[in-house]
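This is what each chain is made of:
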Amino acid sequence: MTALPKRLLIANRGEIAVRIARTAREMGIEPVAVFAEADAGAFHARKIGRAVSLGPGSPAETYLSIPRILEAARQAGADAVHPGYGFLSESPEFARAVEDEGLLWIGPPASAIEQMGDKLGARQRARHAGVPVVPGSDGSESSDDELLRKAVEIGFPVLVKPSAGGGGKGMMLVEEAKRLPEALEEARRVAKAAFGDSRLYLEKLLERPRHVEFQVFGDRRGNVVHLGERECSVQRRHQKILEETPSPALDARLRSAMGRAAVEVARGIGYVGAGTVEFLLDERKNFYFLEMNTRLQVEHPITEETLGLDLVLAQLEIAAGAPLPSAWRAGKIAPRGHAIELRLYAEDPRTFLPRSGRVLAWEPPAGPGVRVDAGVEEGSPVGLDYDPLLAKLILSAANRESAVARARRAIEDWVVLGIETNLALLLAVLASKDFVSGRYTTDLVSRLPPLEDGPVADAAWIAAAVELSSPRNGSAAVARSEPWDAGTAWRVGA
Amino acid sequence: MKLSCGKDTLEVSIQGEAALLAGRRVPFRASRTGERLEAIRIGERDFLLRTARDGERVFIWCDGRVLEFRRAGGRAARKGEGALGLAAPMPGRVRRILSAPGDRVSQGDVVLILEAMKMEHAIRAPRDGTVAAVFHREGDLVEAGVALAEMRE
């Protein structure tokens, strides 16, 4: 086993950068942050002790620039790089470049990233591993005619997906056969522009599926285990906003079968490190491989809370050559209680359009079983250049009902002022009958009744008027009363 | 003063230890810690608060709810208000300004281009008229509802 790194460059921003830095410090590893010049005021750049500028420019020229990140690593004398999620975390070029630079890459082998990054290829690999996949094309179709035949075979509506995509990016819904040719043409154009690769594949649109994913972990000796599932069906715009574990949809038998399938997929590509295998569950509880994410996921904390683990710590140890903990390999870990994660986004809770502004007040909730992974603090600017995730709220409790009650209480306690957020939407989800019953699918958010504003309390109108009547605030100078300000006479010693 | 909160507006005035809410008198006490307004007491009940002011807007967390108030009327017109105001339909960046004050434009002419959600949105003249004012410069970030330009018939 090689030694743990001494200085870890975190090639990311926001909450995940702060979160990775915490574990690094607990392990005696010095974290190094990077920031685009325009992002110098961001929380992660201020909070992580050592921070290196990536220079001016857009995200593409900074957080997504392999040369600039490597230069920052050189400047800081880092000996390891953690890519977080998003950005370059699933770039095989980045993984290779980091290793070519002689730095320890905290992630899976570049070949594994590449294999799973090709979504069509990933489906084929899953099939070879004996894992059912969402009915769809298999890559043998070489003409639009063949794709059309396949689409008719699997049945409309179908989804046209870019092979180089993922996470629902660039996908198009086609309801009927006559629309397929133009959809294929459009999808190829979009895929080429967005990913530089116009290859497509088809998938049957499953009616009202549930999205259930499994955390997998592999070590350099070929051991692969799964660490249970996460239910991620609460989504808006194909993006998750709430995740929970255990999944209310799974019983022991299904969990065991899906877990085995996830391990088989990961083992088949020689996976090392943290990864997530995503499945769709149909109404009859059949499960189908969707895709694999070769990185740490946003929602990893709910797995951590129910298993009492630190997945970033595990990533660092495994990257340094440690084997998977024996308790994991012996299948001796079992989740305790229930955990829910809620994602706080800077956006209009109805239209989901992102909002920009500044966080004027920030008081996250607290208490037993309340964890907040924040990417902002009071005063943080929030722009439109990055994903609008402000923070994650993770609740854990003895059971699902308690976790839901804790989530509601925590959201009511959360003070975020200065920027509009989706707190009202999160509360609406927690209050919905479908969510509370545990019987919900990916159409939950779209089926919620329109968010209603209750009447504004008198106290709030009064407070607003009081604040707006005071003179424009400059610095908050507290008025101290000095004896000579009083209108009456006073005497020393009197 | 006239305040708006979401779709609601109300005439509110503070007179010593009572407020007039559209003519209805509500006695209250304000609790502060230093400069910070922390609670409003009405009758027997304390409403816990947090406030943050940003110019003519104030954000209030009250009793588990987060609200945004502004003085009603004024330049930052909500979308749809103001006969010939052109407002930003979504937050974005002013990419290009294609008209200047004094220009005569026809209905449908592109007055400026807003970049948002990685796409360009043409902001067009709602009817024939003259551009009276453009409130931003190229490169400015704007929020949804903010007035971008004003026209005269």
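Here we summarise the structure given alongside this text. (Residues numbered from 1 in each chain as written. Chains lettered and ligands numbered in written order. Predicted model: local features only at pLDDT ≥ 70, side-chain atom pairs only at ≥ 80, totals over all residues. Heavy atoms only, no water.)

### What to know about the sheet that holds strand E2 (residues 8–15) of chain B
All names here are of chain B. Read across the open sheet, the nine strands follow the order E4-E3-E2-E1-E9-E8-E7-E6-E5; overall the sheet is antiparallel. Two strands close off the open sheet at either side, each with one partner strand: strand E4 (24–27) and strand E5 (29–33). Strand-to-strand twist across the sheet, computed as the mean angle between neighbouring axes with direction ignored, equals 30 degrees. As paired strands, strand E7 (residues 45–54) and strand E8 (residues 57–62) are joined by six bridges and run antiparallel to one another. Residue pairing across strands places aspartate 54 opposite arginine 57, the latter belonging to E8. (Pairing = 2+ DSSP bridges. Helix = DSSP H or I, 4+ residues; strand = E, 2+ residues; numbered from the N terminus. Axes fitted to C-alpha atoms, helices over the stretch in contact; angles between N-to-C directions.)

### Re the interface of chain B and chain A
Size of an interface, as often reported, equals the accessible area lost when the parts are brought together. Taken residue by residue, the interface counts 50 residues in chain B and 41 residues in chain A. Carbon and sulfur atoms make up 69% of the surface buried where chain B meets chain A, a total of about 3,900 Å² over both sides. When the buried surface of chain B facing chain A is broken down by residue, Arg53, Arg65 and Pro91 of chain B rank first, second and third, together holding 16% of it. Connecting chain B to chain A are two salt bridges. (Contact = heavy atoms within 4.5 Å. Buried area = accessible area lost by both parts, 1.4 Å probe. Salt bridge = Lys/Arg side-chain N within 4 Å of Asp/Glu carboxyl O.)

### Some details on the packing of helix H7 (residues 144–154) of chain A against helix H8 (residues 180–195) of chain A
Residue and element names in this part refer to chain A. At a closest axis distance of 10 Å, the pairing of H7 and H8 adopts a crossing angle of 115 degrees. Crossing geometry of H7 relative to H8 is assigned as right-handed. The residues of H8 that touch H7, namely those facing Asp144, Leu147, Leu148 and Ala151, are Leu180, Leu184 and Arg188. Taken together, the residues of the contact of H7 with H8 break down into five nonpolar, no polar and two charged. (Left-handed = near helix turned anticlockwise from the far one by under 90°. Nonpolar A, V, L, I, M, F, W, Y, C, P; charged D, E, K, R; others polar.)

### Some words on helix H17 (residues 458–469) of chain A
All names here are of chain A. Between its first and last C-alpha atoms H17 spans 16 Å; for 12 residues at 1.5 Å apiece the expected length is 16 Å, and the two agree. With respect to burial, H17 is a largely interior element, 10 of its 12 residues being buried. Every buried residue belonging to H17 is among Ala459, Ala460, Trp461, Ile462, Ala463, Ala464, Ala465, Val466, Glu467 and Leu468, and all of these are buried. (Expected span 1.5 Å × (residues − 1). Buried < 20%, exposed > 50% of the residue type's maximum accessible area, 1.4 Å probe, protein only.)

### As for the nonpolar core
By size, the foremost hydrophobic cluster in this structure holds 73 residues, and its most contacted members are Phe217, Leu342 and Phe435 of chain A. Residues in contact with phenylalanine 217 of chain A, not counting those within four places in the same chain, are Asn223, Val224, Val225, Leu227, Gly273, Ala274, Leu311, Ala314, Gln315, Ile318, Leu324 and Trp328 of chain A. (Core = buried A, V, L, I, M, F, W, Y, C linked by side-chain atoms within 4.5 Å.)

### Section: the environment of valine 134 of chain A
All names here are of chain A. Here valine 134 lies in the loop between helix H6 (119–128) and H7. Separated by 71 residues in the primary sequence, valine 134 and leucine 205 have C-alpha atoms spaced 8.6 Å apart. When neighbours within four sequence positions are excluded, valine 134 is seen to be in contact with Arg123, Glu203, Lys204, Leu206, Leu280, Tyr288, Phe289 and Leu290.

### Points about the pattern of salt bridges
Within this structure, the stated rule accounts for 57 salt bridges over all chains. For arginine 29 of chain B, the salt bridge is made with glutamate 17 of chain B, and the minimal N-O distance between the two is 3.6 Å. Placement of the pair is arginine 29 of chain B in strand E5 and glutamate 17 of chain B in the loop between E2 and strand E3 (18–21), with a sequence separation of 12 residues. Just as arginine 29 of chain B is exposed, glutamate 17 of chain B falls in that class too. Taken together, the shared-partner salt bridges connect Glu213, Arg230, Lys240, Glu243, Glu278, Glu299, Glu341 and Arg343 of chain A into one network.

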